[in-house]
Amino acid sequence: MQFRTGIGIDFHQLVAGRDLIIGGVKIPHHLGALGHSDADVLLHAICDALLGALALGDIGQHFPDTDENYKNVDSKILLHKVAELVWDRGWNIVNVDSSLCLEKPKIRPYIDHMQLIISSILKIKLDDVGIKATTTEKMGFIGRQEGVAAMATVLLVKNLA
């Protein structure tokens with residue numbers, strides 16, 4: 001069997017007047033992520049991990065912030081498009097593991113829903129999507145609630161059928 005791994009990382013500034021969408025879930029909060037799309041930091045990190053596993057560049061290369069077609073786009077659409085690139089090249093997604101880093105709000109109540117959304121898009125089992133959350137103990141831009149970060153890893157296996 002052939003395997004590939006990929007790592008993705010993403011950061012977004014937190015600002016007033018934007019929705020906070022993480023893992024495809026709208027989370028009630030007074031700050032939201034700033035970006036050209038819906039700025040879903042977790043889905044963007046997963047996209048980059050998938051693209052990186054097959055040396056296909058990064059999310060900005062495929063969905064540039066200069067393209068108005070992607071203005072405020074739902075990142076679930078971007079994740080599905082990236083997954084199709086993976087499948088079209090004869091690879092299957094085995095699992096995703098990820099970490100979110102933000103001071104507030106607490107993410108634990110939303111993780112199950114995020115896992116359901118991601119597993120559905122990627123056509124993998126619910127327990128093949130790991131999502132963890134941590135803070136920076138009030139240190140740095142994340143600790144000051146100025147931004148959010150996510151990191152993801154993926155494992156792919158070559159479809160031999």
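Coordinates for the structure precede this section.
Structure report, in brief.

Calculation notes
Residues numbered from 1 in each chain as written. Predicted model: local features only at pLDDT ≥ 70, side-chain atom pairs only at ≥ 80, totals over all residues. Heavy atoms only, no water. Phe/Tyr/Trp six-rings, centres within 6.5 Å; stacked < 30°, edge-to-face > 60°. Helix = DSSP H or I, 4+ residues; strand = E, 2+ residues; numbered from the N terminus. Buried < 20%, exposed > 50% of the residue type's maximum accessible area, 1.4 Å probe, protein only. Lys NZ or Arg CZ within 6 Å of the ring centre and 35° of its normal. Salt bridge = Lys/Arg side-chain N within 4 Å of Asp/Glu carboxyl O. Core = buried A, V, L, I, M, F, W, Y, C linked by side-chain atoms within 4.5 Å. Contact = heavy atoms within 4.5 Å. Pairing = 2+ DSSP bridges. Axes fitted to C-alpha atoms, helices over the stretch in contact; angles between N-to-C directions.

## Notes on the packing of aromatic side chains
So, step 1. Under the criterion given, the structure shown has two aromatic pairs.
So, step 2. Judged by centre distance (6.3 Å) and plane angle (55 degrees), the ring pair of Phe-11 and Phe-141 falls under tilted. A residue pair is termed long-range when its members are at least 10 positions apart, and Phe-11 in strand β1 (residues 3-15) and Phe-141 in helix α5 (residues 140-143) qualify at 130 residues.
So, step 3. On the basis of relative accessibility, which here comes to 46%, the residue Phe-11 falls in the partly exposed class.
So, step 4. In this structure Phe-141 comes out as partly exposed when scored by relative accessible area, which is 37%.
So, step 5. Relative to Tyr-70, the ring of Phe-63 lies with its centre 5.1 Å away and its plane at 80 degrees, an arrangement referred to as edge-to-face.
So, step 6. What makes Phe-63 buried here is its relative accessible area of 11%.
So, step 7. For Tyr-70, a relative accessible area of 16% gives the class buried.
So, step 8. Sitting over the face of the ring of Trp-87, Lys-123 holds its NZ or CZ atom 4.6 Å from the ring centroid.

## Digging into the pattern of salt bridges
So, step 1. For the coordinates displayed, the defined rule picks out five salt bridges.
So, step 2. One salt bridge in this structure joins Glu-146 and Arg-144, with 2.9 Å as the shortest N-O distance.
So, step 3. In this structure Glu-146 comes out as partly exposed when scored by relative accessible area, which is 37%.
So, step 4. Its relative accessible area of 51% is what places Arg-144 among the exposed residues.

## Considering the nonpolar core
So, step 1. One finds Ile-22, Leu-42, Ile-46, Leu-50, Leu-100, Met-114 and Leu-122 to be the most contacted residues of the largest nonpolar core, which totals 49 residues.
So, step 2. Among the secondary structure elements, those contributing two or more residues to this core are β2 (20-22), β3 (25-27), α1 (41-53), α3 (75-88), β5 (91-101), α4 (111-122), β6 (129-134) and β7 (147-158).
So, step 3. Residue contributions to this core peak at 10 residues, all from α1.
So, step 4. Here Leu-122 is in contact with Ile-46, Leu-50, Leu-79, Ala-83, Trp-87, Ile-93 and Val-96, once residues within four sequence places are set aside.

## Notes on the sheet that holds β5
Whenever strands of a sheet pair, they do so through backbone hydrogen bonds, lying parallel or antiparallel.
So, step 1. The strand order across the open sheet formed by five strands is β4-β1-β7-β5-β6, and the pairing between neighbours is mixed. Both outer strands of the open sheet, β4 (32-33) and β6, are each paired with one neighbouring strand and no more.
So, step 2. Of the pairings in the sheet, the one linking β5 to β6 comprises six bridges and is parallel in character. Opposite Val-96, over in β6, you have Val-129 as the bridge partner.
So, step 3. In the packing of α3 onto the sheet, the strands contacted are β5 and β7, and the crossing angle to β5 comes to about 145 degrees.
So, step 4. Strands β5 and β6 of the sheet are contacted by α4, whose axis makes an angle of about 145 degrees with β6.

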